[in-house]
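Given next are the chains, with one letter for each unit.
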Protein chains: 2
Amino acid sequence: MNETSNQQVVLAVRPQGDLKPSDLRLEACAMPLPGERELLLETIYLSIDPYMRWWMRAEKSYNDPIEIGQVIVGATVSRVRQSRHPDWQVGDWVLAYSGWRRFAVSDASGLRRLDPNLAPPATALGVLGMPGFTAYAGLRNIGQPRPGETVVVAAASGAVGSMVGQIARLRGARAVGITTGAHKLSYVKQELHFDAVADYNAPDFVEQLKKSCPDGIDVYFENVGGKIWDAVLPLLNTHARVPVCGIIAHYQRPSAEHASIDRLPNTMAQIMGKSLTLRGFIQTEYADTQMDDFLNEAGQWLANGQLAYREHLTHGLQSAPQALVDLLQGRNFGKTLVKVAEP
Amino acid sequence: MNETSNQQVVLAVRPQGDLKPSDLRLEACAMPLPGERELLLETIYLSIDPYMRWWMRAEKSYNDPIEIGQVIVGATVSRVRQSRHPDWQVGDWVLAYSGWRRFAVSDASGLRRLDPNLAPPATALGVLGMPGFTAYAGLRNIGQPRPGETVVVAAASGAVGSMVGQIARLRGARAVGITTGAHKLSYVKQELHFDAVADYNAPDFVEQLKKSCPDGIDVYFENVGGKIWDAVLPLLNTHARVPVCGIIAHYQRPSAEHASIDRLPNTMAQIMGKSLTLRGFIQTEYADTQMDDFLNEAGQWLANGQLAYREHLTHGLQSAPQALVDLLQGRNFGKTLVKVAEP
């Protein structure tokens, strides 16, 4: 390990439309030195999540945009390699927010200690991490499915979608998953035990969804947007709830000019006519008050074998740009993780 | 009074786009006869409301559509002309739902007795009626303005809008009204005491609205839709609430084909990025549990001189079709009422 053995990925140019790997740049950088009460962390797993594309837009949203030359943000499962902090030992596993880099210094604030004997550490980025908590918080605070109600989610084999359906079922609701491809459809039905699935690339997708929801839709967990919304909207029941946690379809093309149809008037008319609730959220709003509940409850479900999950792993920090591109195109299968280093 | 002295207005043809008076037909009809425990009511005031156009659409919504040949629905302030019911006397004032007709029979269910000594009976159709309660319920349940927050409403001189702003101010919030025309702008500012107004037909409307909301918008009471939404959306603060009770702009043209821009993706992106809540409602959802609170509170405000209101009166049932057309075009000034008969 020497001064130049650190690596990071920065924003090279602001992406226009679909993200390309060349919009990002892998570069060597100096090894950071921990000061008094600081730690040196080595990234073992880097979480790849759709919101990263959102943060690359120029517009300010709930966050400041990532600037050109800045390291891409991201949650990591890391190990302590040097410690100048009395509470931490070399070798400790932590959930951190180091971003897309191999080594990072931390003042230990905001770290969560992970016990590798309780659950595999990488689950802190997926089923027991931000994606799982996003599903949990969106259902608990906004979706509020009652037993027997129908909950629909797209990207159903993904990190958030798979948890939405499984939690909905654990609450006694019916879960309907939207995805595409024989493997993913089968996985959602057979291994995640959703009640029904619909293939959004099938010519009869709208019919499939309708048949999967004979009593309409009470909760639509919106994490995709685009044409799926058009199929869901007519099926929503009076007083349906729509947690909006992400709209991957719009991250890359936030405005659709030269469209042939303005879809907003019909959406507003349905909101009014069916007394719908659409509510955007980010999981951080609920983390302070509900994260402990989530970790207890989901940890128990996982220990009991009531939660299935799947990881989509690539290797080495240099694989991260393509991994994000693939995720945004729906070419991942499960929670996307980059294994940056051996534990 | 003889068998043919009754009159009603029915749906003649299903309107396409903007409502025309000829889409409705005034016709003579038989005088109804009250049976045992029934009343004959004479309509004194007929309420003209935007939702009537909504109910003329072919699509089912929260209601069944009005069929061709069917009497147009509507709330009325009526007087009892014959009573075969022990609880009611000839001459009693009632809030009824007789629809667009001069005489109607009622079994007395759903009637609200009005005391003309407490408030002018016509207020039961406006400031103390459905429009007032719509404003009250939308703010109480969805908008939830806190003191110092900014509440924006369009059609600010209208029956609902005027109450939204006045209630918001009574709750300690700032009220900003959107309307057009020197008389309406002045009325909203001077007589309704809104904190600021913006003229949606002014070339600098977007700038006017922005200047009127230096701290952004916390509650937008959506009762209009269309281009006003485009001006409001960028000003909404994180966690802003949008009660959606009506979208007059969309009643007549629910879908906008051949548009140049699809506005839905940006709206969804803002819902997500700013954790907005959009929630459709109809006041009937809250009437059972909150109408008494409203009548007590708003009745007190009115008695104390804390609520201003204005009525836009036309005369005779034959004037009702044009009155609705004018309302939908924004040519009314205040709560639109048809005075069908002398008390």
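Residues numbered from 1 in each chain as written. Chains lettered and ligands numbered in written order. Predicted model: local features only at pLDDT ≥ 70, side-chain atom pairs only at ≥ 80, totals over all residues. Heavy atoms only, no water.

**Student:** Teacher, can you tell me more about the pairing of strand S16 (residues 311–315) of chain B here?
**Tutor:** Regular strands show a simple pattern: their side chains alternate between the two faces of the sheet. All names here are of chain B. Sheet analysis places S16 next to strand S17 (residues 335–339), joined by five bridges and oriented parallel. Looking across to S17, one finds that Thr314 is bridged to Val338. Following the backbone out of S16, through helix H10 (residues 320–328) and into the adjacent parallel S17, one traces a crossover that is right-handed. (Pairing = 2+ DSSP bridges. Helix = DSSP H or I, 4+ residues; strand = E, 2+ residues; numbered from the N terminus. Right-handed = clockwise from strand over helix to strand, strands pointing away.)

**Student:** What exactly am I supposed to notice about the sheet that holds strand S11 (residues 217–221) of chain B here?
**Tutor:** Hydrogen bonds between backbone groups are what pair the strands of a sheet, and the pairing can be parallel or antiparallel. Overall, mixed pairing links the 12 strands, which are arranged S10(A)-S9(A)-S8(A)-S11(A)-S12(A)-S15(A)-S15(B)-S12(B)-S11(B)-S8(B)-S9(B)-S10(B) in an open sheet. In this open sheet, the two edge strands, each paired with only one partner strand, are strand S10 (196–199) of chain A together with strand S10 (196–199) of chain B. Going from strand to strand, the sheet's axes swing by 15° on average, the running direction of each strand aside. Note that strand S8 (residues 150–154) of chain B and S11(B) share three bridges and pair parallel. Within S11(B), the position partnered with Val151(B) by the bridge is Val219(B). The sheet strands contacting helix H8 (residues 264–273) of chain B are strand S12 (236–244) and strand S15 (277–280) of chain A together with strand S15 (277–280) of chain B, and the helix crosses S15(A) at an angle near 60°. (Axes fitted to C-alpha atoms, helices over the stretch in contact; angles between N-to-C directions. Contact = heavy atoms within 4.5 Å.)

**Student:** I tried to follow the state of the cysteines on my own but got confused; where do I start?
**Tutor:** Each disulfide is one covalent bond, formed between the sulfur atoms of two cysteines. Tallying each qualifying case throughout the model produces zero disulfides over all chains. With no disulfide of its own, Cys245(A) lies 18 Å from the sulfur of Cys213(A), the closest cysteine sulfur. (Disulfide = S-S within 2.5 Å.)

**Student:** Hey, could you run me through the packing of aromatic side chains in this one?
**Tutor:** What characterises a pair of aromatic rings is the spacing of the ring centres plus the angle enclosed by the ring planes. Residues and elements named next belong to chain A. For the coordinates displayed, the defined rule picks out 16 aromatic pairs over all chains. Chaining the aromatic ring pairs together yields one cluster made of Phe133, Tyr136 and Phe294. One residue, Arg57, lies across the ring of Trp54, its end atom 4.2 Å from the ring centre. (Phe/Tyr/Trp six-rings, centres within 6.5 Å; stacked < 30°, edge-to-face > 60°. Lys NZ or Arg CZ within 6 Å of the ring centre and 35° of its normal.)

**Student:** I'm lost on the domain arrangement of chain A in this one. Help?
**Tutor:** When the parts of a complex come together, some accessible area is lost, and that lost area is often taken as the interface size. Residue and element names in this part refer to chain A. The domain boundaries assigned to chain A delineate domain 1 (6–125 + 310–339) and domain 2 (130–284). The C-alpha centroid of domain 2 is placed 28 Å from the C-alpha centroid of domain 1. Contact residues are listed per partner, giving 20 residues for domain 1 and 13 residues for domain 2. Between domain 1 and domain 2, a total of about 1,500 Å² is buried, with carbon and sulfur atoms accounting for 61% of that surface. Where domain 1 touches domain 2, the interface holds zero salt bridges. For the pair domain 1 and domain 2, the number of links is two residue pairs in polar contact (both at pLDDT 80 or more). (Domains from an automatic or database assignment. Buried area = accessible area lost by both parts, 1.4 Å probe. Salt bridge = Lys/Arg side-chain N within 4 Å of Asp/Glu carboxyl O. Polar contact = N/O pair within 3.5 Å; in protein donor to acceptor, adjacent residues only side chain to side chain.)

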